Amino acid sequence: MRHIPGAWHRAATGAGLVSADGSIHPTIFAEMSALAARTGAINLGQGFPDEDGPVEVLEAARDAISDGLNQYPPGRGIPDLLSAVSEHQQRFYGLGLDPATEVLITAGATEALAAALLALVDGPDDEVVVFEPYYDSYAAVVALSGARLVTVPLRWPDFQPDLDDLRRAVGDRTRVILVNDPHNPTGAVFTADVRAEVVRLAERHDAVIVTDEVYEHLVFDEPHVPIATLPGAFERTLSISSGGKTFSTTGWKIGWITGPADLISAVLAVKQFLTYVNGSAFQPAIATGLRLDDGFFRGIADSLRAKRDLLGAGLRAAGFAVSTPAGSYFTVADARDLGASDAATFCRELPERAGVVAISLTAFATPEHRAEYATLVRFAACKRVEVLEEAASRLASLR
């Protein structure tokens, strides 16, 4: 294979996509979704719903196309969505934002994360602290930025970080503390003590907090608490979310990042040279969604909680040990009692054994720490009830 120099190799290596022989393999999501398609297995690997979102949101997108909103929107986003995001932050969290200077619309949360890290990292002397296991794009973008990735372990079964581990990870070279809460892939919701310690450490070491809150409305036991609402946090916090998970529109890629005007301006300086703008007709539709009544937001959490419980019962009946998630699409299960010693191998064999696809938690960990997650498997509950029931029935054959 011809050697192609460039920063792409750093990103691929960071994401764990470089094989021992130097070849590049697909992401775990691409690999397992292709396996599901090839075998006819139920895909509980990748986190996308199999039902459309609210009709009001879908109709608003159709109306926007018909009304001619098919050209470039303003660089920061259409004013109505900027206002809707600001209203949402005030309505749910009491955060008062200037929509003109403290909100930026992005191509999903993934672009917001990339733009923020590329904007804030200044070279190889900087460190970015993340909680491990982590969403795979984090390591890829940190590597692309040239910074050093520093991880704080989350351990089975509750996946709450040890505060001493967190204190050891954050230091004067820390540029960003990246917090994903509710957490993907574990489904954990961090405690108040963890959130407070993140703020204390960021202030002590003059770090910026970047939060990934895409599952903010999919918390099961208590209201979501953004770190930006804590005393002393707002001025050093960039909060990221999107409409994809909340409104079952993952393919639209409409996200946003909010925070102090100077930090948002720094992110915009990078973002405008990535996608520039995106999703003109989808932006007013997501604005419609953000203004839906409280019953909608309660309803999506209640619905996913019931699906979480259905999936968890099926996994336990099949012989897995289960960590009950407090939020997000995902449930982590331990396949050790089913004879697994390598979760990646177990997941590649599962479609043939049981007709179900899942993803190994080792895909979300650094190579040196994968042994800590060797038998753990992530399943997605964001599917129709009848699909989850069929998956549970198929998994029962593992007994």
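The structure contained in this document is the topic of the report that follows. Just so it is clear, the model here is predicted, and its values are computed rather than measured. (Residues numbered from 1 in each chain as written. Predicted model: local features only at pLDDT ≥ 70, side-chain atom pairs only at ≥ 80, totals over all residues. Heavy atoms only, no water.)

### So, the overall build of the protein
Operational definition: Numbering of helices and strands runs from the N terminus; a helix is a DSSP stretch of H or I covering at least four residues, while a strand is a stretch of E covering at least two. Within these notes, the globule rule equals 2.2 Å times the number of residues to the 0.38 power, and the radius of gyration is based on C-alpha atoms. Here a residue-residue contact requires only that any non-hydrogen atoms of the pair lie within 4.5 Å. Accessible surface area values rest on a Shrake-Rupley calculation with a 1.4 Å probe, where residue burial reflects the displayed protein chains alone. Charge counting follows a simple rule: Lys and Arg are positive, Asp and Glu are negative, and His as well as the terminal groups are ignored. Lysine's charge is taken at NZ, arginine's at CZ, aspartate's at CG and glutamate's at CD.
A tally of regular secondary structure across the protein gives 13 helices and 13 strands. Against the globule reference of 21 Å for 399 residues, the protein gives a C-alpha radius of gyration of 21 Å, in line with a compact fold. In terms of principal-axis extent, the alpha carbons of the protein reach across some 55 × 50 × 50 Å. For the protein, the share of sequence-separated contacts (at least 6 apart) that also reach a separation of at least 24 residues comes to 75%. By element, 51% of the accessible surface of the protein is carried by carbon and sulfur atoms, the whole surface being about 16,100 Å². Here the protein holds 34 positive side-chain charges and 51 negative ones, and the gap between their average locations is 4 Å.

### Some remarks on the environment of Asp122
Selection rule: Accessibility here uses a 1.4 Å probe with only protein chains present; expressed as a share of the type maximum, an area under 20% marks a residue as buried, one over 50% as exposed, and anything in between as partly exposed.
Inspection of the secondary structure puts Asp122 in the loop between α5 (108-120) and β3 (127-132). Classification of Asp122 by relative accessible area gives exposed; the value is 73%.

### Structural notes on the sheet that holds strand β2 (residues 103-106)
How we decide: Here, any two strands with at least 2 DSSP bridges between them count as paired. Helix axes are fitted only over the stretch in contact, all axes being lines through C-alpha atoms; the angle between N-to-C directions runs from 0 to 180 degrees.
Read across the sheet, seven strands follow the order β2-β8-β7-β6-β5-β3-β4 without closing on themselves; strand pairing throughout is mixed. Among the strands making up the open sheet, the edge pair consists of β2 and β4 (148-153). Within the sheet, the average angular offset between the axes of one strand and its neighbour, ignoring direction, is 20°. Summarising the sheet, strand β5 (residues 174-180) and strand β6 (residues 208-212) pair through five bridges and their orientation is parallel. Directly across from Leu178, in β6, lies its bridge partner Val210. Against the sheet, helix α9 (residues 261-271) engages β2, β6, β7 (237-242) and β8 (255-258), with an angle of about 25° to β2.

### A look at the pattern of salt bridges
Here is the rule we go by: Note on definitions: salt bridges are taken to be side-chain nitrogens of Lys or Arg within 4 Å of carboxyl oxygens of Asp or Glu.
Counted according to the given criterion, the structure contains 20 salt bridges. Across the salt bridge formed by Asp80 and Arg291, the nearest N and O atoms sit 3.0 Å from each other. Taken as a pair, Asp80 in helix α4 (residues 79-93) and Arg291 in the loop between α10 (282-290) and α11 (294-318) lie far apart in primary sequence, 211 residues in all. Asp165 serves as the salt-bridge partner of Arg155, at 3.0 Å between the closest nitrogen and oxygen. Residue Arg155 is located in the loop between β4 and α7 (163-169), and its partner Asp165 is located in helix α7; the two are separated by ten residues in the primary sequence. Asp165 sits in the buried class, given a relative accessible area of 14%. Three or more residues are tied together by salt bridges with common partners; here these are Asp164, Arg167, Glu197 and Arg200.

### Observations regarding the sheet that holds strand β9 (residues 321-323)
Hydrogen bonds along the backbone pair up the strands of a sheet, which may run parallel or antiparallel. The antiparallel open sheet is built from four strands, whose spatial order is β9-β10-β13-β12. Of all strands in the sheet, those with a lone pairing partner are β9 and β12 (359-360), marking the two edges. Across two bridges, the pairing between β12 and strand β13 (residues 376-380) is antiparallel. Within β13, the position partnered with Ser360 by the bridge is Val377.

### A closer look at the packing of helix α3 (residues 55-66) against α10
Selection rule: Roughly parallel means an angle under 35 degrees; roughly antiparallel means over 145; roughly perpendicular covers 65 to 115; every other angle is labelled oblique. Crossings are classed by handedness, with left-handed meaning an anticlockwise turn of the near helix from the far one by less than a right angle and right-handed meaning a clockwise turn. Each residue gets one of three labels, nonpolar for Ala, Val, Leu, Ile, Met, Phe, Trp, Tyr, Cys and Pro, charged for Asp, Glu, Lys and Arg, and polar for the others, Gly among them.
Between α3 and α10, the least distance of the axes is 8 Å, while the angle of their chain directions is 150°. Taken together, the axes of α3 and α10 lie roughly antiparallel to each other. Crossing hand, α3 versus α10: right-handed. In this structure, α3 contributes Glu56, Val57, Ala60, Ala61 and Ala64 to the contact, and α10 contributes Phe282, Pro284, Ala285, Thr288 and Gly289. Classifying every residue of the contact of α3 with α10 gives seven nonpolar, two polar and one charged.

### As for the pairing of β6
The condition that has to hold: The definition of a right-handed crossover adopted here requires that, viewed with the strands pointing away, the path from the first strand over the helix to the second runs clockwise.
When you tally the buried positions in β6, you get five out of five residues, the bulk of the element. Here β6 shows two buried faces, one formed by Val208, Val210 and Asp212 and the other by Ile209 and Thr211. The β-α-β motif built from β5, the intervening helix α8 (residues 192-205) and the parallel element β6 has right-handed crossover chirality. Examined bridge by bridge, β6 and β7 share four bridges and lie parallel to one another.

### Overview of α10
Taken across its nine residues, α10 has seven buried, putting it largely inside the fold. Every buried residue belonging to α10 is among Gln283, Pro284, Ala285, Ile286, Ala287, Gly289 and Leu290, and all of these are buried. At its buried positions, α10 is contacted by α3, α4, β2, β8 and α11.

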